[in-house]
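# Chain and residue survey
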Amino acid sequence: MKMVHHSGSIQSFKQQKGMNTSKSENVKEPPLKPSRRSLPCLAQSQTHPHSLSKHSSFLQPNQVQPQPQPVSAGASTTTVDVVSERAKVMETLESNLLKLSNTEYSDPFLDLGREKDTYTDDSEHGNYDSRTDQSLLIKNTPTRQKPEPRSKTSLKNDMSALATSGLFFKDGKKRIDYILVYKKSSPQIEKRSTFEKNLRAEGLMLEREPAVTNNDIMFVKIHCPWDTLCKYAERMNIRMPFRKKCYYTDWRSKTMGSLQRNMRELKSWLPRNPMKLDKEALPDLEETDCYTAPFSRARIHHFTINNKDSFFSNSTRSRIVHHMLQRTKYEDGKSKMGITRLLNNGTYEAAFPPHEGSHKSRHPIKTHGAQNHRHLLYERWARWGMWYKYQPLDLIRRYFGEKIGLYFAWLGWYTGMLIPAALVGLFVFLYGLFTMDSSQVSKEICEANETVMCPMCEKNCTLQKLNESCIYAKVTHLFDNGGTVFFAIFMAIWATVFLEFWKRRRAVLTYDWDLIDWEDEEEELRPQFEAKYSEVERVNPITGKPEPFQPFPDKLSRLMVSVSGIFFMISLVLTAVFAVVVYRLVAMEQFASFQWYFIKKYWQFATSGTGVCINFMIIMSLNVVYEKVAYLLTDLEHPRTDSEWENSFALKMFLFQFVNLNSSIFYIAFFLGRFAGRPGKYNKLFNRWRLEECHPSGCLIDLCLQMGVIMVLKQMWNNFMELGYPLLQNWWSRRKIKKGGQLLEHKFSLPQWEKDWNLQPMNLHGLMDEYLEMVLQFGFTTIFVAAFPLAPLLALLNNIIEIRLDAYKFVTQWRRPMPARATDIGIWYGILEGIGVLAVITNAFVIAITSDYIPRFVYAYKYGPCVDQGYRQEKCLRGYVNSSLSIFDLSELGMGYSGYCRYRDYRAPPWSSNPYEFTLQFWHVLAARLAFIIVFEHLVFGIKSFIAYLIPDMPKDLCDRMRREKYLVQEMMYEAELEHLQRERKKNGKQYHHEWP
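The text that follows walks through the structure, step by step, so that each part is easy to find. Note that the structure is a prediction, hence the values are computed from the model and not measured.

Thresholds applied
- Within each chain, residue numbers correspond to sequence positions counted from 1 in written order.
- Reporting of local features is limited, given that this is a predicted model, to residues whose pLDDT is at least 70; pairs of side-chain atoms are given and counted only at 80 or more, and all residues count toward the totals for whole chains, interfaces and linings.
- Only hydrogens and water are removed before side-chain values are computed, so all heavy atoms of the structure are retained for them.
- Starting at the N terminus, helices and strands are each numbered in turn, a helix being any DSSP run of H or I of at least four residues and a strand any DSSP run of E of at least two.
- To sort residues, take the accessible area from a 1.4 Å probe on protein chains only and compare it with the maximum for the residue type: under 20% means buried, over 50% means exposed, and anything in between is partly exposed.
- Only heavy atoms matter for contacts: two residues are in contact if any of them lie within 4.5 Å across the pair.
- Using a 1.4 Å probe, accessible areas were evaluated by the Shrake-Rupley method; residue-level cover was limited to the displayed protein chains.
- The criterion is simple. A nonpolar core is a set of buried Ala, Val, Leu, Ile, Met, Phe, Trp, Tyr and Cys residues joined through side-chain atoms within 4.5 Å.
- For two strands to count as paired, DSSP must find a minimum of two bridges between them.
- Site definitions follow a grid-based scheme: protein atoms alone, a 1 Å grid, a 1.4 Å probe that fits but cannot get out for cavities, and for pockets an open set with protein on both sides within 12 Å along at least five of seven lines, plus lining residues having an atom within 4 Å of a point.
- Grid points are joined across faces, edges and corners, and a volume is the space filled by probe spheres set on the points.
- Just so you know the grouping, Ala, Val, Leu, Ile, Met, Phe, Trp, Tyr, Cys and Pro go in nonpolar, Asp, Glu, Lys and Arg go in charged, and all remaining residues, Gly too, go in polar.
- To obtain each axis, a line is fitted to C-alpha atoms, and for helices this fit is confined to the stretch in contact; angles are then taken between N-to-C directions over 0 to 180 degrees.
- We call two directions roughly parallel when the angle between them is under 35 degrees, roughly antiparallel when it is over 145, roughly perpendicular when it lies between 65 and 115, and oblique otherwise.
- Left-handed describes a crossing whose near helix is turned anticlockwise from the far helix through less than a right angle; right-handed describes the clockwise counterpart.
- Every patch collects residues that have over 30% relative accessible area and no salt bridge, joining them within 9 Å if they carry like charges and within 5 Å if they are nonpolar side chains (Val, Leu, Ile, Met, Phe, Trp, Tyr).
- Only one rule defines a salt bridge in this text: a Lys or Arg side-chain nitrogen within 4 Å of an Asp or Glu carboxyl oxygen.
- Note that a disulfide, as used here, is simply two cysteine sulfur atoms within 2.5 Å.
- Side-chain rings of Phe, Tyr and Trp (the six-membered ring for Trp) are treated as a pair once their centres are within 6.5 Å; stacked means planes under 30 degrees apart, edge-to-face means over 60, and tilted covers the remaining angles.
- We call a charge positioned above a ring when the Lys NZ or Arg CZ atom is no farther than 6 Å from the ring centre and deviates by at most 35 degrees from the ring normal.
- Nitrogen and oxygen atoms within 3.5 Å of one another constitute a polar contact, given that in protein one can donate a hydrogen and the other can accept it, and given that sequence-neighbouring residues count only through two side-chain atoms.

Attention shifts here to the overall build of the protein chain. Across its full length, the protein chain holds 33 helices and 19 strands. Looking at the 997 residues of the protein chain, the share that counts as buried comes to 51%. Contacts spanning at least 24 positions in sequence make up 77% of the contacts within the protein chain whose residues lie at least 6 apart. Working note: accessible area of the protein chain is about 48300 Å², and carbon and sulfur atoms make up 57% of it.

What follows is the structure, encoded as structure tokens:
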């Protein structure tokens, strides 16, 4: 078999020929001319960077057109078994190179066309048969083309690179679209043999090759020929380009006002936005500005086919092959089909589309260009140096598919929207920092040298002066100041604006990515569902075919059991929180009598800090248990399809982890110190441990500490598990290969499919873990933001790292996932809306109950020195600290103390007629708190609803473009059909008229 490469003229040869050769006839049609109305869409036909043509054009050989014969499931197939060692392959290539070096360079394609490229298939039984299957021969008769002269060294290097690239079959022509991996020792030989025979009958081409590093592993390479691609693209209604878009925007420029034109000219003189990607370095980011229509073989002349190799992108080819793999039978029976079932029963070990080569290059991308899309994504997206750049969403979508592209688009949109929230939160924090020393409350606490506070524990606590909590008072003012209410309202509105504008952004993306008219295919039933309910059937209203049916009583009973399991796990979370509370009560006494002076002095801080760390360890431990329980409960429900299973599992995981993360925060925010009692009559847990009460400066400092530690530690842990763990796994795999001495790195490198096999597969749940992490972070950012205004800033910094971590993981550490399509982010949008509603309620309660905003407000307007003036300033809070502290007689404790001490509450003094009863100020504060909650919620919900009403889900100009495009598509399709009929009349010699047919 002779193999010739000509990097300079293969592409031009294809374009000149048009590649419109009929399979059934030997008549060659002339190449399609562009419409008189528009130009062909060249951007869509290009799948590799422009700069790639100079350096790796040998990776784009001529596309061949096989014509396989259908093979029945039971029939035996004859294949040419070629199993050889890597050295033999290289030997053959070198011998071919010697032959080619003696031929004339003026006509290499004649020799290429004279040879027949035989489909090869390595038998797993080892009986290597040399018979030729005539049905699998590939015929190709290219025309004569004069290439540029090539040196022997350059040609030899190209051939060697092609043989070892791992992107093509052994003939160097058929591109690998999918990889199947199985073990030779697997007993499922019959199922695998039948499955592969049926794949060939469907039109796919297969080639086996053993692994280099493991003698038990066999790879099955799959190639989808042009005719099969066209057939299934028509079945799957894949939209393909056929004309360049015409927007007719001249009238807009004419009617544009002078001010708008001047602004546009001024903008052109401004420096370029450094966050934008350089399109010169990213030629693939040029928009595919073409009209698209569902592909049809009957109207193939309508579509812009400049190159059959690149007309269907690699992700589209992989999606078509995956569609075929899911619908091919391996045994007789209604449900005995699909690669998913074969993976579950151990017939195959893995199935994945290959990466487009290495993500690294010895040459810099600026001077030599990108080798492939993976290299381009790594250099312009996954590297840490690109952290401030916009994401190349079109390239991500083209390589990984629309579903993953939408995830990164949502993550980027969320990160961008965090910028104003982080700035406002930082402003609130800095406002508290600059006004910390001038705060009237902090001044009074720091200057209270004579005020004695009551002991905060039973045995080991001593009497303390109020000024000893000066630092706590100043830190509390950083988060609890005049800007707290404004920031809470701002974040509630921000959450609504974020979701509403994301819907607009999603609409634009679905239009640009041709997802407007896309509808998800009718999903297949899960094998577990079919096995469980195979006895009861009913007709599916969509497909019209009978399928297994789950009776309603059975579904209801399983749902009730699942809900009971959810409540049980939530009660387990509450039990863990209760255990942490008991620890705090016990540790409080121990730290108060600790030998170290620092611990003894700041025993409250030590108690809270250790409690937070223990709570975090419990949270991370329970997350592992929750995942397994969620699996069991979801499987117990027996969902009908995989999407129903994923939605049910995602909802359970969110509920478990949300309660697990936030239960301790809810306790500190709304329960800590509320039921502690008063001196002399404290409430005790089990009549043994005195309940914990708030610090003299309030409970907000404990809430901030809890949120800050959990948020930072969880983000660090997640980042390690996302990147560090796969890095360790891949390093260990490479180490085992090197230790076994199975790979001689200096002689040849692993082919691409084996490199991908050594990478980690994508998470079992797909993007669920990624979305879950970000949605939980969104809850942290919005729900308790009134207590921790730095949460948006921490989330922003984490997300900047998260985008590059995920990009690096997808590009370098994971196998290439199957490019799936999607139009939205699924169930997560509803969860985000629910979090936005909950955030309004919790922030209202945090401001009213946890912070001292309402008590200060009531004092300033009712009891302070500014009662008659009607306005509030810092001087209006003079005397607030003394007003918020009640008096207790120390002699009633029976601990040998005398005199009076102060404690946080609104109670009558011991010498009053009703000692230690709530005062009128307590009821005023309570009424103001309840009124604030009602007014705040109604006001914010009203603003949120009004903003959601004002912001349309789809931009106005996008609606106009869609309507205009629909009109033009119909007109252009009719015009293209007219031109085709006129060409047919000319070809048949009929008289040509200029009227409509």
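Counting residues in each nonpolar core, the largest one holds 145 residues, and the members touching the most others are Trp381, Phe400, Trp410, Tyr414, Trp494 and Trp828. Here the element with the most residues in this core is helix α16 (residues 402-434); it accounts for 15 residues. Excluding residues that lie within four positions of it along the chain, Trp828 makes contacts with Ala650, Met768, Tyr771, Leu772 and Val775. Ranked by size, the runner-up nonpolar core spans 39 residues in total, among them Tyr232, Ala293, Phe312 and Ile320.

The buried count for strand β18 (residues 885-889) comes to four of five residues, which makes it a mostly enclosed element. Two elements, β18 and strand β19 (residues 900-904), share five bridges in a ladder whose sense is antiparallel. By the bridge assignment, Phe888 is partnered in β19 with Cys901.

Okay, empty space enclosed by the protein next. Tallying each qualifying case throughout the model produces ten cavities of 30 Å³ or more. The space that makes up the largest cavity amounts to roughly 220 Å³. For the largest cavity, the lining is made up of 18 residues, of which Gln464, Glu468, Trp603, Gln604 and His695 are closest to its centre. Elements with a minimum of two residues in the lining of the largest cavity: β11 (464-465) and α23 (603-637). Looking at side-chain class alone, the lining of the largest cavity contains ten nonpolar, five polar and three charged residues.

What follows deals with the packing of helix α15 (residues 393-400) against α16. Put simply, α15 and α16 touch, their axes get as near as 7 Å, and they point 150° apart. By the criterion of interaxial angle, the relationship of α15 to α16 is roughly antiparallel. Seen along the crossing, α15 lies across α16 with a hand that is right-handed. Contact with α15, carried on its side by Leu393, Ile396, Arg397 and Phe400, involves Glu402, Ile404, Gly405, Phe408 and Ala409 of α16 and no other residues of that element.

On the surface, a cluster of nonpolar side chains totalling about 600 Å² of accessible area is made up of Phe552, Leu556, Leu559, Met560, Val563 and Phe567. Topologically, Phe552 is positioned in helix α21 (residues 552-592).

Now for the state of the cysteines. Under the definition given, this model contains three disulfides. Shown here is the disulfide that connects Cys454 with Cys901, its sulfur atoms set 1.9 Å apart. Taking the sign of the S-S torsion, 85° for the link of Cys454 and Cys901, the bridge is right-handed. On the criterion of sequence distance, the pair formed by Cys454 in the loop between β10 (452-453) and β11 and Cys901 in strand β19 is long-range, its members being 447 residues apart. Neither residue differs from the other here; Cys454 and Cys901 are each classed as buried. A sulfur-sulfur separation of 2.1 Å characterises the disulfide bridge that pairs Cys866 with Cys876. Disulfide Cys866-Cys876: torsion about the S-S bond near -90°, hence left-handed. Residue Cys866 is found in the loop between α30 (853-863) and α31 (880-884), and its partner Cys876 is found in the loop between α30 and α31; the two are separated by ten residues along the sequence. A single burial state applies to Cys866 and to Cys876, both of which are buried.

Along the chain, Lys308 falls in helix α10 (residues 308-311). Sequence spacing of Lys308 and Trp226 is 82 residues, and the spatial spacing of their C-alpha atoms is 7.4 Å.

Taken together, four strands build an open sheet; the order of strands is β5-β6-β4-β9 and the sheet is antiparallel. Looking at which strands have only one partner, the edges of the open sheet turn out to be β5 (205-210) and β9 (350-352). Across the sheet, the mean angle from the axis of one strand to that of its neighbour is 20°, orientation sign disregarded. As paired elements, β5 and strand β6 (residues 217-223) share six bridges and run antiparallel to each other. In the strand pairing of β6, Arg208 is matched with Val220. Those strands touched by helix α6 (residues 189-201) are β4 (178-183), β5 and β6, and its axis lies near 140° from that of β5. The strands touched by helix α11 (residues 314-326) within the sheet are β4 and β6, with β4 carrying the most contacts at an inclination of about 45°.

A separate point is the environment of Glu234. Here Glu234 lies in helix α7 (residues 226-235). Using a relative accessible area of 28% as the deciding quantity, one classes Glu234 as partly exposed. Not counting residues within four places of it along the chain, the set of residues in contact with Glu234 comprises Phe295, Ser296 and Arg297.

Attention now moves to the packing of aromatic side chains. Enumeration over the complete set of coordinates arrives at 50 aromatic pairs. When the ring of Phe295 is compared with that of Phe303, the centres are 5.2 Å apart and the planes differ by 40°; the resulting orientation is tilted. Judged by its relative accessible area of 3%, Phe303 falls in the buried class. The interplanar angle of 40° and the centroid separation of 5.5 Å between the aromatic rings of Phe888 and Tyr916 together place this pair among those described as tilted. Pair noted here: Phe888 is in strand β18 and Tyr916 is in the loop between β19 and α32 (920-950), with a separation of 28 residues, a long-range link. Side by side, Phe888 and Tyr916 carry an identical accessibility label, which is buried. We note Arg235 situated over the ring of Tyr232; from NZ or CZ to the ring centre the distance is 4.7 Å. The residue whose ring lies beneath Arg816 is Tyr399, and the NZ or CZ to ring-centre distance is 3.9 Å.

It is worth spelling out unusual backbone geometry at this point. A positive phi is found at Asn237, a non-glycine position, where the angle reads about 55°. As for its position among the elements, Asn237 is in the loop between α7 and β7 (239-244). The backbone phi angle of Tyr916 is positive, close to 65°, even though this residue is not glycine. A relative accessible area of 7% means that Tyr916 is categorised as buried.

Moving on: the pattern of salt bridges. Considering all chains together, one arrives at 24 salt bridges under this definition. The salt bridge involving Glu402 is made with Arg397; its shortest N-O contact spans 3.0 Å. Residue Glu637 pairs with Lys652 through a salt bridge whose shortest N-O separation is 2.7 Å. Highlighted residues: Glu637 in helix α23 and Lys652 in helix α24 (residues 642-670), separated in sequence by 15 residues.

α15 sits mainly inside the fold: seven of its eight residues count as buried. By the burial criterion, the buried members of α15 are Leu393, Leu395, Ile396, Arg397, Arg398, Tyr399 and Phe400. Looking at the buried residues of α15, the elements they touch are α11, α14 (373-382), α16, α19 (484-512) and α28 (791-813). A positive backbone phi angle near 100° is found at Gly401, which sits one or two residues after α15.

Attention shifts here to the side chain of Glu770. Tracing the sequence through the fold places Glu770 in helix α27 (residues 768-783). Aside from chain neighbours lying at most four places away, what touches Glu770 is Tyr407, Glu722, Asn763, Glu802, Asp806, Lys809 and Trp814.

A separate point is the packing of α14 against α28. Direction vectors running N to C along α14 and α28 enclose 165°, while the axes themselves pass 10 Å from each other. One finds that α14 runs roughly antiparallel with respect to α28. Crossing of α14 over α28 shows left-handed handedness. Where α14 approaches α28, its residues Arg374, Leu377, Tyr378, Trp381 and Ala382 are matched on the opposing element by Ile803, Arg804, Ala807, Tyr808, Val811 and Thr812. Partitioned by chemical class, the residues of the contact of α14 with α28 number eight nonpolar, one polar and two charged.

Secondary-structure assignment places Glu207 in strand β5. For Glu207, a relative accessible area of 2% translates into the label buried. Here the side chain of Glu207 touches Lys170 through a polar contact of 3.2 Å, landing on its backbone nitrogen. A polar contact of 2.7 Å, which involves the side chain of Glu207, links it to the side chain of Lys221.

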